[in-house]
Amino acid sequence: MKILITGGAGFIGSHVVRLFVNKYPEYEIFNLDALTYAGNLENLKDVEAKANYTFLKADINDANEIDKLFNDYDFDKVIHLAAESHVDRSISNPLAFVETNILGTLNLLNAARKYWADYNDKLFYHISTDEVYGTLGDSGLFTEKSSYDPNSPYSASKASSDHFVRAYGETYGVPYIISNCSNNYGPNQFPEKLIPLFINNIVNKKELPVYGDGKYTRDWLFVKDHAIAIDLAFHKGEIKETYNIGGFNEWQNIDLIQLLCKIMDKKLAREDGDSARLITYVKDRPGHDKRYAIDAGKINKRLGWKPSVTFEEGLEKTIDWYLHNSQWLQNVTSGAYQKYYKEQYKS
Ligand SMILES: Cc1cn([C@H]2C[C@H](O)[C@@H](COP(=O)(O)OP(=O)(O)O[C@H]3O[C@H](C)C(=O)[C@H](O)[C@H]3O)O2)c(=O)[nH]c1=O
């Protein structure tokens, strides 16, 4: 089986690539990535020499290139993770999100439709987000039946790409599965998202900018558990089904930040160690969704998935990873990897 994984050098993508390459030596895994600011081959150093792994430097925005790759490699299945994913960036530059998340997805769907004349044993698996459902009040959970109600340019672009995947399924028969996940955390996440940003800032004794009153709620999912869920949905999920993947793990931002500070202070054991004093309340994010919380009961009951680590365990592993990989952190924040890849892939 030839599997195309898009965005495989990114945060969630690299965990999915690693899991598939190691667990399924009989599959050919093709990692397609544009190596933008958040994609990094360093994330996959441990699997790059494996016989069943191939890296393809390409951008899903380039329809001709995507068409050519489908023609050359004859992929059987696609796991589509490539996306612009940061809400704040989508507020300052919505067009980039339309281009990559909507048009890029369309380019992949068009190639799948063209080259999969026979849809037998084919699959287009789209990885999406719980943000498509909008925001919740103090109670209730997003289920697969919740209506779409996106609030940010990012979530609007992901909602649109979900709709296109379903539309290609209905209109042209492209076999698809969609999963919508909650907030991921873990090793290799670009330090713009809350947890790695705050770890990095604590290490460097920089302010911890809490948006608004900090009483926004997110459901946190360890990235390796997400990769396991994707593996299950890919192999055992039903065509045309959606699976919500969450951590059963809701935290208000400010409580999470206090916990993070506590663990970091213990680990860093600095004399002036009271990281909580770095907490600074700043202007709120426009259109900030109050609460995301996911009902992951369907994937739990139908496919037997549940998180394997508690939040405290996952957070501890995450913090340890960042503390042991300070060079990685330095290289991603300085843009050193990107500069290197630009040179390497000049032609
Ligand atoms: C970066 C930052 C964030 N925040 C707040 C904003 C949110 O309430 C929470 C998490 O923010 P973050 O930007 O890390 O993630 P979300 O906006 O919830 O979205 C994330 O989870 C979903 C599922 C995806 O699909 C997105 O791709 C992913 O980025 O912390 C702050 O208070 N300060 C900060 O500096």
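Residues numbered from 1 in each chain as written. Predicted model: local features only at pLDDT ≥ 70, side-chain atom pairs only at ≥ 80, totals over all residues. Heavy atoms only, no water.

The protein chain is annotated in an unreviewed UniProt entry as dTDP-glucose 4,6-dehydratase from Christiangramia salexigens. UniProt, in its Sequence similarities (unreviewed entry) section for the protein chain, records the words "Belongs to the NAD(P)-dependent epimerase/dehydratase family. dTDP-glucose dehydratase subfamily." (UniProt positions renumbered as here; feature names shortened; annotations may be inferred.)

Our focus in this paragraph is the site of the ligand. Taken together, 24 residues are adjacent to the ligand, and S85, E131, Y154, R285 and H288 come closest. The side chain of N183 places a nitrogen or oxygen atom 2.9 Å from an oxygen atom of the ligand. Backbone polar atom of Y211 to an oxygen atom of the ligand: 2.8 Å apart, as the coordinates give it. Its free accessible area being 670 Å², the ligand has 96% of it covered by the protein chains. At the level of secondary structure, the elements contributing two or more residues to the shell around the ligand comprise α6 (194-203) and β8 (208-211). Split by residue class, the shell around the ligand holds eleven nonpolar, seven polar and six charged. (Near = heavy atom within 4 Å. Polar contact = N/O pair within 3.5 Å; in protein donor to acceptor, adjacent residues only side chain to side chain. Areas by Shrake-Rupley, 256 points an atom, 1.4 Å probe, with all protein chains shown as cover. Helix = DSSP H or I, 4+ residues; strand = E, 2+ residues; numbered from the N terminus. Nonpolar A, V, L, I, M, F, W, Y, C, P; charged D, E, K, R; others polar.)

Below, the discussion takes up unusual backbone geometry. One non-glycine residue, D121, adopts positive backbone phi at about 60°. Of note, D121 is situated in the loop between α4 (94-115) and β5 (123-129). Here D121 falls in the exposed class, since its relative accessible area comes to 64%. Backbone geometry at K205 places phi at a positive 55°, although glycine is not the residue there. (Buried < 20%, exposed > 50% of the residue type's maximum accessible area, 1.4 Å probe, protein only.)

Once that is clear, we can look at the pairing of strand β2 (residues 28-33). Across the six residues of β2, five count as buried, placing the element largely inside the fold. As paired elements, strand β1 (residues 2-6) and β2 share five bridges and run parallel to each other. Note on β2: the bridge partner recorded for I3 is I29. Taking the sense of rotation as the criterion, the β-α-β connection linking β1, helix α1 (residues 11-23) and β2 turns out right-handed. Pairing between β2 and strand β3 (residues 53-57): five bridges, direction parallel. By the bridge assignment for β3, F30 is matched with T54. (Pairing = 2+ DSSP bridges. Right-handed = clockwise from strand over helix to strand, strands pointing away.)

Another point: helix α2 (residues 63-73). Along α2, the positions that sit buried rather than exposed are I66, L69 and F70. Projection of α2 onto a plane perpendicular to its axis shows the buried side chains occupying an angular sector of 100°, all on one side. The inward-facing, buried residues of α2 abut β1, β2, β3, β4 (77-80) and α4. Looking at the residues trailing α2, positive phi occurs at D74, about 60°. (Arc of directions from axis to C-beta. Contact = heavy atoms within 4.5 Å.)

Mapped onto this numbering, the UniProt entry annotates "domain: NAD(P)-binding" (unreviewed entry) at residues 4-318. Structurally, residues 4-318 is divided into 40% helix and 17% strand, and its ends, taken at the C-alpha atoms, are 28 Å apart.

Look at helix α8 (residues 253-268): 22 Å from first C-alpha to last across 16 residues, which is about the 22 Å you get at 1.5 Å a residue. In this structure, the buried side of α8 is in contact with α6, β8, β9 (217-222), β11 (250-252), β12 (279-282) and α10 (311-324). Trailing α8 by a residue or two, A269 shows a phi angle of about 45°, which is positive. (Expected span 1.5 Å × (residues − 1).)

This paragraph deals with a nonpolar patch on the surface. A contiguous nonpolar patch, built from L95, V98 and L103 and spanning about 250 Å² of accessible area, is present on the exposed surface. Secondary-structure assignment places L95 in helix α4. (Patch = residues over 30% accessible without salt bridge, like charges linked within 9 Å, V, L, I, M, F, W, Y side chains within 5 Å. Salt bridge = Lys/Arg side-chain N within 4 Å of Asp/Glu carboxyl O.)

Moving on to the sheet that holds β11. Read from one edge of the open sheet, three strands run β7-β9-β11, paired in mixed fashion. The open sheet has two free edges, formed respectively by β7 (183-185) and β11, since each of these has just one partner strand. Between one strand axis and the next, the sheet turns through 45° on average, direction left out of account. Here β9 pairs with β11 via three bridges, running antiparallel. (Axes fitted to C-alpha atoms, helices over the stretch in contact; angles between N-to-C directions.)

Turning to the packing of aromatic side chains, a few remarks are in order. Scanning the entire structure with this criterion turns up 25 aromatic pairs. Ring geometry for Y133 and Y148: centres 5.6 Å apart, planes at 90°, overall edge-to-face. Of this pair, Y133 sits in the loop between β5 and α5 (153-172) while Y148 sits in the loop between β5 and α5, and the two are 15 residues apart along the sequence. Of the residues examined, Y133 reaches a relative accessible area of 4% and is grouped as buried. Using a relative accessible area of 21% as the deciding quantity, one classes Y148 as partly exposed. Ring plane angle 40° and centroid distance 6.4 Å describe the contact between F142 and Y292, whose orientation is recorded as tilted. In this pair, F142 sits in the loop between β5 and α5 while Y292 sits in the loop between β12 and α9 (297-303), placing the two residues 150 residues apart along the sequence. The residues F142 and Y292 share a single accessibility class, namely buried. (Phe/Tyr/Trp six-rings, centres within 6.5 Å; stacked < 30°, edge-to-face > 60°.)

Turning next to the packing of α4 against α5. Where α4 meets α5, the axes come as close as 9 Å, and the angle between the chain directions of the two elements is 15°. Regarding the angle of α4 to α5, the classification is roughly parallel. Judged by the sense of rotation from one axis to the other, the crossing of α4 with α5 is right-handed. On the side of α4, the interface is formed by P94, F97, N101, I102, T105, L106, L109, N110 and R113, while α5 contributes P153, Y154, S157, K158, S160, S161, F164, V165, Y168 and Y172. (Parallel < 35°, antiparallel > 145°, perpendicular 65-115°, else oblique. Left-handed = near helix turned anticlockwise from the far one by under 90°.)

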